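# An overview of the molecular structure
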Amino acid sequence: VKGQHIELGIAEGNLVGLLGELGATWSRAGQALLPIGTLYDPFVNRALEPWSFGMYAGGQSVLVGTPSGVTLAPEGGAHQSIITPSVGLEQPGCIAFEPAFGQDLEWSLLYALSKLGKTDGTSSYFRLSTRPINQALALVPVDPVECEMRRTNVLSGGYLLREAPGTPTVILVGMGAVLPEVLEAARELSEAGVETDVVCLTSADLVFRAIQARQGLQEGDDEILDVLFPDTRLAPIVSVLDGHPHTLSFLSAIHGVPIACLGVNNFGQSGDVDDLYQHFGIDTDTIVGAAWDLVEAIGGETRNMNDG
């Protein structure tokens, strides 16, 4: 297999215009290509109109936005994306992925490439980060059957990364580069006696589609909802991502549970990752605090009901 690299410089509109044309050869010339374009994630917004029109015209491609979020802390606010997770979720003709781990990225990228150049195909958008993450945190199963189940869940929107020994008191949901903080928060909460599940989302887009399918609002499967949030493990949710917090707010609609949404809702500052995570409230301490607030609020409501 031979590939070709084309450098377009600081010209995002030209990039996605080319992706649209290269991604349409399957219908125009009978020869499918596998076009992949990369750009700084905040500039997805600059390229949005021609990118969207290219997909509307049948151009199928993979767009990679990286680095993303305030995780590229030293570069200052100009290059820090905030609203792009919502853009990916809402863009027709496209599946949006934001994997945290390398194995999840490999599976989802291969899947995205397999969807190109077909009548029922689709484009994909990957919001990625250059932050080094300990890959051992992914706990990729060794057993082939369990590994295949993990892959299936990754391609459906996410998986249960950490399961509390008993019924969870709170569920932490993380997507993308913040998973180390989410897992550390879960550890601290568990040590304090708060049973905690951790859900690792790979695609908020696909999970939202599953909710729509369950409600009969669009075609599709909803099985992933029972994997991520089974009826037997209902608990308040704290959602965390390096992007606008409203992106994952729909998760509370699955079972009508309380939710606290953590994310970035202002322009970035320059600094190191830990400082900016703390500044915007996506650090471990803030996650733990938000979980405690939900647990105490639920406990207060229960006491009031009992008193009544």
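Right, let's get into the overall build of the chain. Assigned secondary structure in the chain consists of eleven helices and nine strands. For 308 residues, the compact-globule formula gives about 19 Å, and the C-alpha radius of gyration of the chain, at 20 Å, lands near that figure. Based on the C-alpha atoms only, the size of the chain along its principal axes is roughly 70 × 45 × 40 Å. Taken across its 308 residues, the chain has 50% of its residues classed as buried. For the chain, the exposed area adds up to about 14,400 Å²; of that, 54% sits on carbon and sulfur atoms. Distance between charge centres in the chain, computed from 15 positive and 38 negative side chains, equals 7 Å.

Right, let's get into unusual backbone geometry. For the bond running from Thr 66 to Pro 67, omega is -5 degrees, close enough to zero to count as cis. If you trace the backbone, Pro 67 turns up in the loop between β2 (62-65) and α4 (84-90). You will see that Leu 139, though not glycine, has its phi angle at about 50 degrees, which is positive. By the element assignment, Leu 139 lies in the loop between β4 (123-127) and α6 (144-154).

Quick look at the side chain of Asp 104 now. Mapped onto the secondary structure, Asp 104 falls in helix α5 (residues 102-114). Separated by 2.7 Å, the side chains of Asp 104 and Tyr 159 make a polar contact. Setting aside residues no more than four positions away along its own chain, Asp 104 makes contact with Pro 99, Val 154, Tyr 159, Cys 200 and Thr 202.

As a further point, take the confidence of the model for the chain. Taken as a whole, the chain shows an average pLDDT of 93; of its residues, 97% reach a score of 70 or greater. A low-confidence stretch, residues 302-308 stays under pLDDT 50, and its non-local contacts, those more than four residues away or across chains, total zero contacts.

Read from one edge of the open sheet, five strands run β5-β7-β6-β8-β9, paired in mixed fashion. Looking at the sheet topology across the chains shown, the edges are occupied by β5 (158-162) and β9 (259-262). Direction aside, neighbouring strands of the sheet carry axes that sit 20 degrees apart on average. Note that strand β6 (residues 170-175) and strand β7 (residues 196-201) share six bridges and pair parallel. What sits directly across from Ile 171, in β7, is Asp 197.

Our next topic: the nonpolar core. Within the largest apolar cluster, 40 residues are counted, with the highest numbers of intra-cluster contacts made by Phe 101, Leu 172 and Val 238. Counting residues per element, this core draws most heavily on helix α7 (residues 179-191), which supplies six residues. The residues touching Phe 101, leaving out its near neighbours within four places in the chain, are Ile 133, Asn 134, Gln 135, Leu 137, Ala 138, Tyr 159, Leu 161, Leu 179 and Cys 200. Grouped together as the second largest cluster of nonpolar side chains are 22 residues, Val 173, Ala 204, Val 207 and Phe 229 included.

This part covers α6. Every α-helix carries 3.6 residues per turn, so stepping three or four residues along brings you back to the same face. Every buried residue belonging to α6 is among Arg 150, Asn 153 and Val 154, and all of these are buried. Within α6, the buried residues cover an arc of 100 degrees as seen down the axis, which keeps them to one side. The exposed set on the far side of α6, more than 90 degrees from its buried face, consists of Pro 144, Val 145 and Met 149. Those residues of α6 that are buried are in contact with β3 (94-97), α5, β5 and α9 (223-228). Between the side-chain oxygen at the start of α6 and the backbone nitrogen of Val 145 there is a gap of 3.1 Å, and the oxygen is on Asp 143.

Take empty space enclosed by the protein next. Evaluated as defined, the whole model comprises two cavities of 30 Å³ or more. Space inside the largest cavity adds up to approximately 70 Å³. Taken together, Pro 85, Gly 88, Leu 89, Ala 96, Phe 97, Glu 98, Tyr 125, Arg 127, Met 175, Ser 203, Ala 204 and Asp 205 make up the lining of the largest cavity. Counting residues per element, the ones that place at least two in the lining of the largest cavity are α4, β3, β4 and α8 (204-214). Sort the elements by how many residues they give to the lining of the largest cavity and α4 lands first, with three residues. Class assignment of the residues belonging to the lining of the largest cavity gives a composition of seven nonpolar, two polar and three charged. Roughly 50 Å³ of volume is contained in the second largest cavity. Forming the walls of the second largest cavity are Ile 171, Phe 229, Arg 233, Leu 234, Ala 235, Ile 237, Leu 251, Ile 254, His 255 and Val 257. Considered class by class, the residues forming the lining of the second largest cavity number eight nonpolar, one polar and one charged.

Okay, the pattern of salt bridges next. With the rule as written, the count across this model stands at 13 salt bridges. As a salt-bridge pair, Glu 191 and Arg 187 come within 2.6 Å of each other at their nearest N and O atoms. One end of the pair, Glu 191, and the other, Arg 187, are both in helix α7, four residues apart, so they sit about a helical turn from each other. Of the charged contacts in the structure, one is a salt bridge between Arg 214 and Asp 226, with a shortest N-O distance of 3.1 Å. In this pair, Arg 214 is assigned in helix α8 and Asp 226 in helix α9, connecting sequence segments twelve residues apart. Among the residues examined, Arg 214 registers a relative accessible area of 33% and is labelled partly exposed.

Reading the values: the criteria
- Residues numbered from 1 in each chain as written.
- Predicted model: local features only at pLDDT ≥ 70, side-chain atom pairs only at ≥ 80, totals over all residues.
- Heavy atoms only, no water.
- Helix = DSSP H or I, 4+ residues; strand = E, 2+ residues; numbered from the N terminus.
- Rg over C-alpha atoms; globule rule 2.2 N^0.38 Å.
- Buried < 20%, exposed > 50% of the residue type's maximum accessible area, 1.4 Å probe, protein only.
- Areas by Shrake-Rupley, 256 points an atom, 1.4 Å probe, with all protein chains shown as cover.
- Lys, Arg positive; Asp, Glu negative; His and termini not counted.
- Charge placed at Lys NZ, Arg CZ, Asp CG, Glu CD.
- Polar contact = N/O pair within 3.5 Å; in protein donor to acceptor, adjacent residues only side chain to side chain.
- Contact = heavy atoms within 4.5 Å.
- pLDDT = per-residue confidence, 0-100.
- Pairing = 2+ DSSP bridges.
- Axes fitted to C-alpha atoms, helices over the stretch in contact; angles between N-to-C directions.
- Core = buried A, V, L, I, M, F, W, Y, C linked by side-chain atoms within 4.5 Å.
- Arc of directions from axis to C-beta.
- 1 Å grid on protein atoms, 1.4 Å probe; cavity = no way out; pocket = protein on both sides within 12 Å on 5 of 7 lines; lining within 4 Å.
- Points joined across faces, edges and corners; volume = space filled by probe spheres on them.
- Nonpolar A, V, L, I, M, F, W, Y, C, P; charged D, E, K, R; others polar.
- Salt bridge = Lys/Arg side-chain N within 4 Å of Asp/Glu carboxyl O.

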